[in-house]
Amino acid sequence: MTTQPVRFYQVGSFAVGNRLLPDDDRTVQSDPTRSNSLDSGHRACQGCGEALGARYAIDAAMRASQGQLVAVNATGCLEVFSTPYPETSWRIPWLHSVFGNAPAVATGVAAAMKVKGRSDVRVIGQAGDGGTVDIGFGCLSGMFERNDDVLFICYDNEAYMNTGVQRSGATPPAARTATTEAVGPEPGNTFGQGKDLPRLAMAHDIPYVATATVADLRDLEAKVERAMGQRGARYLHILVPCPLGWGSAPGDTIKVARLAKETGLFPVFEAENGTVTAVSPIRHRTPVEAYLSIQRRYAHLFGENPRPDIVARIQAIADRNIATYGLLVDDESDNHDPKDPEGVTA
Amino acid sequence: MFQVRIHGRGGQGVVTAAEILSVAAFSEGRHAQAFPSFGSERMGAPVVSFCRMDDRPIRTREPVMEADAIIVQDVTLIHQVDLFAGLLPEGYVLVNTSRSFDELGLGDLFGQFHRDHLVTCPASELALEQLGRPLSNAALLGAFAALTREITLDAIDTAVRDRFAGALGERNVAAATAAYRFVTLAEEQVRAATD
Amino acid sequence: MLRQIEGSRAVAETVAHCRPEVVCAYPISPQTHIIEAVGAMVKAGTLSPCEFVNVESEFAAMSVAIGASAAGARSYTATSSQGLLFMIEAVYNAAGLGLPIVMTLANRAIGAPINIWNDHSDAMAVRDSGWIQLFAETNQEAADLHVQAFRLAEELSVPVMVCMDGFILTHAFEGLDVPEQSDVDAFLPPYEPRQVLDPDDPVSIGAMVGPEAFEEVRYLAHLRQLDALARIPALAAEFSEAFGRQSGGLVSPYRTEDAETIVVALGSVLGTIKDAVDVRRDAGDRVGVVGITSFRPFPRDAVREALSGARRIVVVEKAFSIGFGGVLSTDVAMATHDADCSLRTVVAGLGGRAITRRSLEELLAAASRDELDTLTFLDLDHGIIERERARMTATRRSGPSAENILRDLGTVASRIG
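Residue numbers run consecutively from 1 along every chain, following the written order of its sequence. All chains are assigned letters beginning at A, and all ligands numbers beginning at 1, according to the order in which they are written. The predicted origin of the model limits local features to residues at a pLDDT of at least 70 and limits the giving and counting of side-chain atom pairs to 80 or more, whereas totals for whole chains, interfaces and linings rest on all residues.

Undergrad: Lay out the overall build of chain B in plain terms, naming residues and giving numbers.
TA: Regarding its fold elements, chain B presents six helices and six strands. Atoms counted for the radius of gyration: C-alpha only. Globule rule: 2.2 Å times the number of residues to the power 0.38. Here the C-alpha radius of gyration of chain B, 15 Å, is about what a compact globule of 195 residues would show, namely 16 Å. Residues classed as buried in chain B amount to 54% of the 195 residues present. For every residue pair, C-beta atoms are placed from the backbone, and the pair is scored as a contact if these atoms sit within 7 Å. Sequence-distant contacts in chain B: of pairs separated by 6 or more residues, those separated by 24 or more amount to 64%. Here a helix means four or more residues in a row that DSSP labels H or I, a strand means two or more in a row labelled E, and each is numbered from the N terminus. With C-beta atoms placed from the backbone, a residue counts as buried when 20 or more other C-beta atoms lie within 10 Å of its own, as exposed when 12 or fewer do, and as partly exposed for counts between those limits.

Undergrad: Mind laying out the interface of chain C and chain A, listing which residues take part and the relevant values?
TA: By a frequent convention, interface size equals the accessible area lost on bringing the separate parts together. The partner chain A presents 37 residues to the 38 residues of chain C that form the contact. Where the side of chain C that touches chain A is concerned, the elements lending two or more residues are strand 3 (51-54), helix 3 (58-70), helix 5 (88-97) and strand 9 (204-205) of chain C. Counting residues per element, the side of chain C that touches chain A draws most heavily on helix 3 of chain C, which supplies nine residues. Each residue is assigned to one class: nonpolar for Ala, Val, Leu, Ile, Met, Phe, Trp, Tyr, Cys and Pro, charged for Asp, Glu, Lys and Arg, and polar for all the others, Gly among them. Among the residues forming the side of chain C that touches chain A, the class breakdown is 24 nonpolar, eight polar and six charged. With two bridges joining them, strand 2 (residues 94-96) of chain A and strand 9 of chain C adopt parallel strand pairing. In this description, strands pair whenever DSSP reports at least two bridges between them.

Undergrad: Could you give me a rundown of the interface of chain C and chain B, with the residues and numbers involved?
TA: Each side of the interface is counted separately: chain C has 25 residues, and chain B has 26 residues. Elements with a contribution of two residues or more to the side of chain C that touches chain B: strand 8 (173-177), helix 10 (269-282) and helix 13 (357-368) of chain C. Looking at the side of chain C that touches chain B residue by residue, the classes come out as nine nonpolar, eleven polar and five charged. Across two bridges, strand 2 (residues 31-37) of chain B lies against strand 8 of chain C in antiparallel orientation. When the sheet's bridge partners are listed, Q33 of chain B is paired in strand 8 of chain C with E174 of chain C.

Undergrad: Give me the lowdown on the confidence of the model for chain B, citing residues and values where you can.
TA: Note on scores: pLDDT gives the predictor's confidence for each residue, bounded by 0 and 100. Overall, the predicted model of chain B reaches an average pLDDT of 94, with 97% of residues at or above 70. Here the predicted complex carries an ipTM of 0.93, next to a pTM of 0.93.

Undergrad: Outline unusual backbone geometry, supporting the account with residue identities and numerical values.
TA: That bond from S29 of chain C to P30 of chain C is cis: its omega, 0°, falls within 30 degrees of zero. You can see P30 of chain C is positioned in the loop between strand 2 (22-25) and helix 2 (32-44). Note that the residue after G111 of chain C, namely A112 of chain C, is joined by a cis bond; omega there is 0°. Here A112 of chain C is to be found in the loop between strand 5 (102-107) and helix 6 (121-125). Positive phi is not limited to glycine here, since E158 of chain A has a value of about 65°. Within the secondary structure layout, E158 of chain A lies in the loop between strand 4 (151-156) and helix 6 (197-203). Judged by C-beta crowding, with 29 C-beta atoms within 10 Å, E158 of chain A ranks as buried.

Written as structure tokens, this is what we have:
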């Protein structure tokens, strides 16, 4: 597992200040000469997890490829807010075709680079969960199956956000969306549905699959770097909270992402050629309520007519993930902050 | 223009036969066109192919509606498909069989067309002897050459070798030659009988 | 060198000589022989450097071509019918982005009912997409048009599709001259993009354009197509100079000089029509035919000029707009709206129904006697129609019309024409 062990006492959190690290151990984001691939001036919402995730990921990829990078973007929030006519906030070569074909278009770019003897130019395909899990899935599976030399990144905010928060194949159970309203006996999205894209990616036996969140910059950058160090089909699934769609406070984006991991609802791991090779362990096991209760898309599970039964089912999913991926380390004693036993503060 | 229609079933090389015939005509300096009337790849389905030969460029794309020659590669199509539709009065019929026209229930053809323009040839059996498999298309082309004199056996052989490489080509040429001889002999006998 | 080969083979070899750098396609009858042949050449190394991508759908095929073209590679794909519809979003996208992709469209009917035989409904489905659409009359022209297509596409930054009748041309063996590699190299320079994904000079391609500028972007595309109206004949002339034969251009008239009745059509049926014209001419009718090679951009002026002097125009077309009438007819009517002549639409050959010389002769004779209806469906079996309508009137649960009609007809493939 790509980790940087650091013991840091003064701040009372798990944030690691770059100024105390040697240059080589610092994050890309701390580097004033970073590419700023997704530059400021884009029109994302306040607190947008996707803007953060894209900036982190692409800057890391630019460093790893020495600036020889092309990005293919599906239709979606990222595409829309990053290229508001007549401006673009991309500082890298960037292509948007249609909603469902980003993986295939990326394949085409990679084929062109190869035929022109420019395999040093690396290709990234990127899309939201809709463009990856649903409408883009056919093309994605084809790209995986052919082992095309593309790193595909899914920015997962668990619904079709740009069109007004509709349910996708990545929407978790019980979440409220505009097409899975919090009404009736089974409010929110239906249980027993949905695609686990990281596992589907692994089923294609591609060289590298990893999940990450915007709560852990180092982990995300390390995974991008690791992915860029390989060739063939690679997949990165990044959880990016959406304040608008999730109904969370814009300032809570990183906290919400951390809680997704710490509850076990979003397992963070790496896999190579179809097998899990490393897991990012939960620091403080946290009950799912802490995560659900700060998002209005789950408000119907609390308040006047609470649904502890549904919360219990969600907890069961978290418990199953923890068991499946081995997300708990045996000895948690070193990780406790006495002032913050639940490890919830950012 | 000389227009040929070949009837058979998928998998018997009906389309290849028309193509080879067109290549043969081309090799003799003529214009030639060959195309199929068939659909999805499926063994056993009825298949029709067409070949036109002319000294002038061929422009038309319609199926062969007025045939100068009809080749029946598979007799199970008789009475199922209107095999002889559009056959011209001076037209030729070549049927792949070891039976006679009468035995096939086609005796009434003799009343409509010239006796020596109607011939049967056991092409599948000849192919079986030469190729080890009853793939009758090359043999039938040899028979066609003998029957109609519209193309030389040499041209057929050249086209067959062009399509089938090496030993396979030679065996198909042998089948075509055997059928050519068979029909030549049969024709001589018919003419001798009617003289 | 003249060779007797299959149309698909000729197109594949010609495309290979155009040095495509990325080829991607998904199998669909009747285009498969083309793409199989190109794939084999790449695999054997005779077409190199070239990346051949076996994609998972037609949508992916056009998308791979989009990515490759935007990255500066000469890209090619081929499809038909259902496949064209499956990629239609990407088809419009390619034109909107101004990518010079060349595609072979082996014309085939669109279902339901599923039908793998030839008609022009697929090409008509994308006629407003911004692609240039060229129709080949013969396999020689089909091969030649691909060479011109790459030149045209790359000069104008507009994608071009070469339409050739499925089965009728793709699967026909005829004598033709595949353009030699050296001649194609002299005619077709390497692809020099107008926009390209290049880390040394980053650009954003495919950004959203709002009401402020969308109309202007569309108008620019329109102007590029109008530019094509001038480039197409010029390229055809240059091609003729280099290769020694006439292929392409906007329209091709035949015996129209003193014609009273002129037929208009697209594609391979023109050959059969010419034979019918000759027969009618021998019978004393002053008839001629105009083939339209460039369907998009539609050569209004050239069509009007070619049809000037005719009293009667008969459009014979392999497509129609259900509930209305002809498609090509509408375009021809626009071009000749101020001319003093009658226009008749004849829909023929749908779903691969054979268009026979005999039927065309009867048609032309009837036209010359002013006996044609405004809209005719050639060789339509009215008995079948009447029986099915009666069936539908008699009972609500009348079943699929296609099955009822097929039961009426008996064994499939028992008809010759």
